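The primary structure of each chain is shown beneath.
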Amino acid sequence: MLADITAHGQVRIAIVQTGSLPLPTARPRSSLPVRVLDVVAEAGIRILRTHPAYDHDALDRADVVIGLGAGVPADAYGELDGLRGQWGAELAATRKVTDTGALAHGRQLGVTGRSVAPRLYLAIAVSGSRDHLVGVERARTIVAINHDPEAPIFQHCDFGLVADWREAVRALTTRGASRPAGDMFARS
Ligand SMILES: Cc1cc2nc3c(=O)[nH]c(=O)nc-3n(C[C@H](O)[C@H](O)[C@H](O)COP(=O)(O)OP(=O)(O)OC[C@H]3O[C@@H](n4cnc5c(N)ncnc54)[C@H](O)[C@@H]3O)c2cc1C
């Protein structure tokens, strides 16, 4: 997608949010003329800092994304390793989590984070604020674990487990041992 943007004033900020639009279907191939241009890069953009610790594409490619909310303490993330390994899942989080630095900002889903479209999104101890949900609404199936039956996330998921997350994760890890994530929560 191309856009012409005119900015007036000194401060210019561009925010690029990947995955927020559906992928367009490719046009039929045609042979276009190719012209090689000798272009000199403009010095208008300077890279001040990069964050190499984060693989930007991993979340976009993931079939299963596990979203962590503030109800999961950072020192307990290891307890999710079994489930993550079984499902080949990528970790993401709410802003409340990334603000603490427990996960990188690049893993934040939502209005000021990224949008993903996995086959399965498992929200663990996520309350379900609108700010967060806009980042996961294209997931094919949303499963939520929360011990509060009134949590808003239950209004926006396909399957909801009212339970302590530790108990639920243990049960999913045991039951799902021989099944792919998608089969476990299959919708017709
Ligand atoms: C301008 C602005 C932009 C924002 N952008 C984003 C954004 O992009 N993405 C985003 O996510 N947020 C964003 N937010 C923040 C958003 O409004 C919410 O505050 C945030 O999403 C809540 O995060 P949370 O669900 O992790 O935490 P909480 O709302 O605190 O929810 C924690 C949940 O964990 C549950 N829980 C606790 N312990 C357990 C347990 N043992 N077992 C099971 N469940 C448990 C609780 O019942 C609760 O529902 C933004 C806010 C503002 C103001």
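You'll find the structure just up there.
Just so it is clear, the model here is predicted, and its values are computed rather than measured. (Residues numbered from 1 in each chain as written. Predicted model: local features only at pLDDT ≥ 70, side-chain atom pairs only at ≥ 80, totals over all residues. Heavy atoms only, no water.)

1. With respect to the sheet that holds strand S3 (residues 120-124)
At step 1: Pairing in this open sheet of five strands is parallel, and the strands run S2-S1-S3-S4-S5 from one edge to the other. Each end of this open sheet is capped by a strand with a single partner; those strands are strand S2 (90-93) and strand S5 (159-162). In this sheet, adjacent strand axes meet at a mean angle of 20° when their direction is disregarded.
At step 2: Sheet contacts for helix H5 (residues 165-175): S3, strand S4 (141-146) and S5; angle to S4, the most-contacted strand, approximately 130°. (Pairing = 2+ DSSP bridges. Helix = DSSP H or I, 4+ residues; strand = E, 2+ residues; numbered from the N terminus. Axes fitted to C-alpha atoms, helices over the stretch in contact; angles between N-to-C directions. Contact = heavy atoms within 4.5 Å.)

2. Concerning the site of the ligand
At step 1: In the vicinity of the ligand there are 24 residues, among which Ala 70, Thr 94, Thr 112, Ser 127 and Asp 131 approach most closely.
At step 2: Note that an oxygen atom of the ligand is positioned 2.6 Å from one of the side-chain N or O atoms of Thr 94.
At step 3: In isolation the ligand exposes 990 Å². Once the protein is present, 72% of that is buried.
At step 4: Mapped onto the shell around the ligand, the elements with two or more residues apiece are helix H3 (95-98) and helix H4 (130-133).
At step 5: The class makeup of the residues in the shell around the ligand is seven nonpolar, twelve polar and five charged. (Near = heavy atom within 4 Å. Polar contact = N/O pair within 3.5 Å; in protein donor to acceptor, adjacent residues only side chain to side chain. Areas by Shrake-Rupley, 256 points an atom, 1.4 Å probe, with all protein chains shown as cover. Nonpolar A, V, L, I, M, F, W, Y, C, P; charged D, E, K, R; others polar.)

These figures come from the coordinates and say nothing about function on their own.
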